[in-house]
Amino acid sequence: MIKDIIKSLKAQERLLLLLLSLILFCVHKTGMVTMLALWCMMFIIMIPLKYCNGRLLISLVVFTFLYGSIGVFTGFMTVNKLVSLCLPLVLFYGFGKLLVSRIQQPIYLLLLLAILLLFYQFEIFITFLNSIISEGFTLNSSREFYLRGDYSRALSATLAGLNVSVSMVGLSAFVILKGNTKLRVLYMLMFFIAISTTVYLLNRTGLVIAVLSTFVVFSYFYYNNRKALIIILMSVGLIFFFTYNGWGIDTDILMAYEERNFDIQTAGQRTMKWTHAFNSLMQYPFGWSENVMETQYYAHNMWLDIARVTGLMPFIALLVVTIKAVFIQFRLLKIQADPFVAVTTGLSACFFLSCFVEPVYGGLHLFLWVMLWGMQEQYYLNYRNNRLNLRP
């Protein structure tokens with residue numbers, strides 16, 4: 001299947017895929033200069049292909065212009081940071097549309113998605129497996145995750161957990177993908193390593209995201225099967241019941257999570273931070289990072305953290321982009337029992353929940369989500385055009 005995917009792409013498109021894979025693989029160990037060079041190479045190759053167009057393009061450009069210009073004006077970002085944070089949005093969106101335009105088979109698209117996500121999480125997975133081999137399954141309570149044991153390359157446990165959370169949709173992919181054993185095994189393996197890594201990091205957020213995104217996928221795929229939906233709802237309800245009540249089982253892992261279940265009513269004080277961010281947004285329409293520089297004042301919400309550093313206008317622009325993307329998602333749900341729609345809907349839920357509870361704009365989380373927007377938009381356009389062509 002991989003050979004078929006490569007054959008369906010032109011030479012420039014293969015080079016784009018190679019560069020993107022390299023960026024995802026090296027994201028945790030590449031310096032700013034190298035990353036900028038890779039972004040610029042992708043941009044130069046992408047321009048002649050003319051895939052950077054669509055409903056979201058203008059909104060994305062408006063957001064990046066406002067975010068970048070205000071960020072530079074207020075001193076929040078340098079020119080290098082401006083390019084590394086703004087340019088990838090258009091690149092990933094265009095690349096997502098390109099992939100779906102060239103690769104028509106849903107199974108091939110899901111295989112390519114799995115490979116790209118595996119590249120994105122590869123170093124975290126390897127670090128986790130090395131730790132298990134050398135130390136056994138000992139819970140990481142330090143809240144720091146040192147990549148390959150290198151203390152100069154620390155990653156917060158929360159961010160590491162969010163990076164692997166997108167693989168948790170692999171459980172639902174394993175269930176709904178039928179007739180392709182190798183792809184099902186790949187998604188299931190990614191899910192197993194991701195859920196083990198999340199438990200190892202004591203990442204409650206990742207576990208909640210896993211449950212909710214899996215519920216979203218099954219709700220779409222078994223929409224017309226009431227018995228299956230009832231079983232899914234009961235399972236999710238039981239999981240949250242035992243979580244909220246301290247699990248009730250005396251094991252080291254569950255006891256460790258019980259100790260971290262403090263202040264669960266405010267989602268780990270996030271609701272207070274969101275309230276504080278909204279109040280600050282009204283007082284400081286051009287951002288308030290200069291007024292409260294301490295990291296504890298992160299809003300723990302991507303949209304509000306964009307507002308924190310650049311103010312009201314980029315916040316509204318990103319909100320508009322997100323709403324448009326949600327409309328694209330709902331249009332896509334008109335296609336019934338489609339494996340690509342099911343898996344990408346689960347991935348969208350993962351990305352949305354991750355961005356809703358953490359300030360993850362600086363990483364690749366939003367960029368990959370934007371790539372998914374491009375893929376979903378083009379997939380729906382292909383579906384609609386095929387239906388129009390079939391009309392008498």
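Within any chain, residue numbers begin from 1 and follow the written order of that chain's sequence. The model is predicted, so local features are restricted to residues of pLDDT at least 70 and side-chain atom pairs to those at 80 or more, both for listing and for counting; the totals for chains, interfaces and linings are taken over all residues. Water and hydrogen atoms were dropped before computing side-chain values, which therefore reflect all heavy atoms in the structure.

1. Here we look at the overall build of the chain
Short version of the rule: Each helix is a run of H or I in the DSSP string that is no shorter than four residues. Each strand is a run of E no shorter than two, and both are numbered from the N terminus. Residues are treated as being in contact if the distance between any of their heavy atoms lies within 4.5 Å.
Per the secondary structure count, the chain includes 17 helices and two strands. Put simply, 75% of the contacts in the chain that link residues at least 6 apart link residues at least 24 apart.

2. Considering the environment of Val309
Threshold: When accessible area is computed with a 1.4 Å probe and restricted to protein chains, residues below 20% of their type maximum are described as buried, those above 50% as exposed, and intermediate ones as partly exposed.
With respect to the helices and strands, the residue Val309 is situated in helix H14 (residues 302-310). On the basis of relative accessible area, Val309 is assigned to the buried category, the value being 7%. Residues Val309 and Ile70 lie 239 residues apart in sequence; the distance between their C-alpha atoms is 8.9 Å.

3. So, a nonpolar patch on the surface
As a reminder, the rule being used: Patch members must show over 30% relative accessible area and no salt bridge, and they are joined within 9 Å when carrying like charges or within 5 Å when they are nonpolar side chains of Val, Leu, Ile, Met, Phe, Trp or Tyr. Accessible surface is estimated by sampling points in the Shrake-Rupley manner with a 1.4 Å probe; for residues, cover comes only from the protein chains shown. Here a salt bridge means any side-chain nitrogen of Lys or Arg lying within 4 Å of a carboxyl oxygen belonging to Asp or Glu.
Where nonpolar side chains cluster on the molecular surface, the patch consists of Met282, Leu312, Ile316 and Val320 and spans about 340 Å² of accessible area. In terms of residues, the nonpolar patch owes the most to one element, helix H15 (residues 312-332), which gives three residues. Within the secondary structure, Ile316 sits in helix H15.

4. Focus: helix H4 (residues 57-74)
Rule in force here: Each helix should span, by expectation, one fewer than its residue count multiplied by 1.5 Å.
Look at H4: 26 Å from first C-alpha to last across 18 residues, which is about the 26 Å you get at 1.5 Å a residue. For H4, the set of buried residues is Leu57, Ser59, Leu60, Phe63, Thr64, Leu66, Tyr67, Gly68, Ile70 and Gly71. Positive backbone phi, at 85 degrees, marks Gly75, one or two positions downstream of H4.

5. Observations concerning the packing of helix H10 (residues 204-221) against helix H16 (residues 339-357)
Helix-helix packing: each pair is described by the crossing angle between the helix axes and the interaxial distance. Test applied: Between N-to-C directions, angles cover 0 to 180 degrees, with each direction set by a line fitted to C-alpha atoms, over the stretch in contact for helices. Here the word oblique covers every angle except those under 35 degrees (roughly parallel), over 145 (roughly antiparallel) and from 65 to 115 (roughly perpendicular). When the near helix sits turned anticlockwise from the far one by under a right angle, the crossing is termed left-handed; a clockwise turn instead gives a right-handed crossing. Amino acid classes used here: Ala, Val, Leu, Ile, Met, Phe, Trp, Tyr, Cys and Pro are nonpolar; Asp, Glu, Lys and Arg are charged; the rest, including Gly, are polar.
At a minimum axis distance of 9 Å, the contact between H10 and H16 shows a crossing angle of 150 degrees. One element, H10, and the other, H16, form an angle in the roughly antiparallel class. Handedness of the crossing formed by H10 with H16: right-handed. Counting all contacts with H10, which are made through Thr205, Ile209, Leu212, Ser213, Val216, Val217, Tyr220 and Phe221, the residues of H16 involved are Pro339, Val341, Ala342, Thr345, Gly346, Ala349, Cys350, Leu353, Ser354 and Val357. Its residues assigned to classes, the contact of H10 with H16 comprises 13 nonpolar, five polar and no charged.

6. Quick notes on the nonpolar core
The condition that has to hold: Buried Ala, Val, Leu, Ile, Met, Phe, Trp, Tyr and Cys residues form a nonpolar core when they are joined through side-chain atoms within 4.5 Å.
Counting 94 residues, the largest nonpolar core has Tyr187, Leu347 and Met371 as the members making the most contacts within it. Counting 15 residues, the second-largest nonpolar core is a separate cluster that includes Phe191, Val199, Leu201 and Leu207.

7. Some points on the packing of aromatic side chains
Remark: the centre distance and the inter-plane angle together describe each pair of aromatic rings, the angle taken between the planes. Short version of the rule: Two aromatic rings from Phe, Tyr or Trp, using only the six-membered ring of Trp, form a pair when their centres are within 6.5 Å; if the ring planes differ by under 30 degrees the pair is stacked, by over 60 it is edge-to-face, and anything between is tilted.
Enumeration according to the criterion identifies 11 aromatic pairs in this entry. Taking 6.2 Å as the distance between ring centres and 65 degrees as the angle between the ring planes, the aromatic pair formed by Phe352 and Trp369 counts as edge-to-face. Taken together, the positions of Phe352 in helix H16 and Trp369 in helix H17 (residues 365-390) put the pair 17 residues apart, joining distant regions of the chain. Of the residues examined, Trp369 reaches a relative accessible area of 4% and is grouped as buried. Among the aromatic side chains, those forming a connected cluster through ring pairs are Trp274, Trp303, Phe352, Phe356, Trp369 and Trp373.

8. Some words on H10
For H10, with 18 residues, the first-to-last C-alpha span of 26 Å sits near the 26 Å given by 1.5 Å per residue. Counted residue by residue, H10 has 13 buried out of 18 residues, so it is predominantly covered.

9. What to know about the pattern of salt bridges
Applying the stated criterion to the full structure yields two salt bridges. For Lys97, the salt bridge goes to Glu377, with nearest N and O atoms at 3.9 Å. Of the two residues, Lys97 is situated in helix H5 (residues 79-102) and Glu377 in helix H17; the sequence distance between them amounts to 280 residues. By relative accessible area, which is 2% here, Lys97 ends up buried. Ionic pairing is found between Arg308 and Asp305, a salt bridge with its closest N-O pair at 2.8 Å.

10. Description of the side chain of Asn382
Checked against the element boundaries, Asn382 lands in helix H17. With relative accessibility at 14%, the residue Asn382 sits in the buried group.

11. Digging into the environment of Gln336
Turning to its location among the elements, Gln336 is positioned in the loop between H15 and H16. Sequence spacing of Gln336 and Tyr222 is 114 residues, and the spatial spacing of their C-alpha atoms is 9.6 Å.

12. Topic: the packing of helix H6 (residues 106-135) against H16
Relative to each other, H6 and H16 sit at 25 degrees, their axes nearing to 9 Å. Judged on the interaxial angle alone, H16 and H6 are roughly parallel. Contacts between H6 and H16 involve Pro106, Leu109, Leu110, Leu113 and Leu117 from the first element and Pro339, Phe340, Val343, Thr344 and Leu347 from the second. Across the contact of H6 with H16, the residue classes tally to nine nonpolar, one polar and no charged.

13. Some details on the environment of Leu368
Inspection of the secondary structure puts Leu368 in helix H17. Residues Leu368 and Tyr120, spaced 248 residues apart in sequence, show a C-alpha to C-alpha distance of 9.7 Å.

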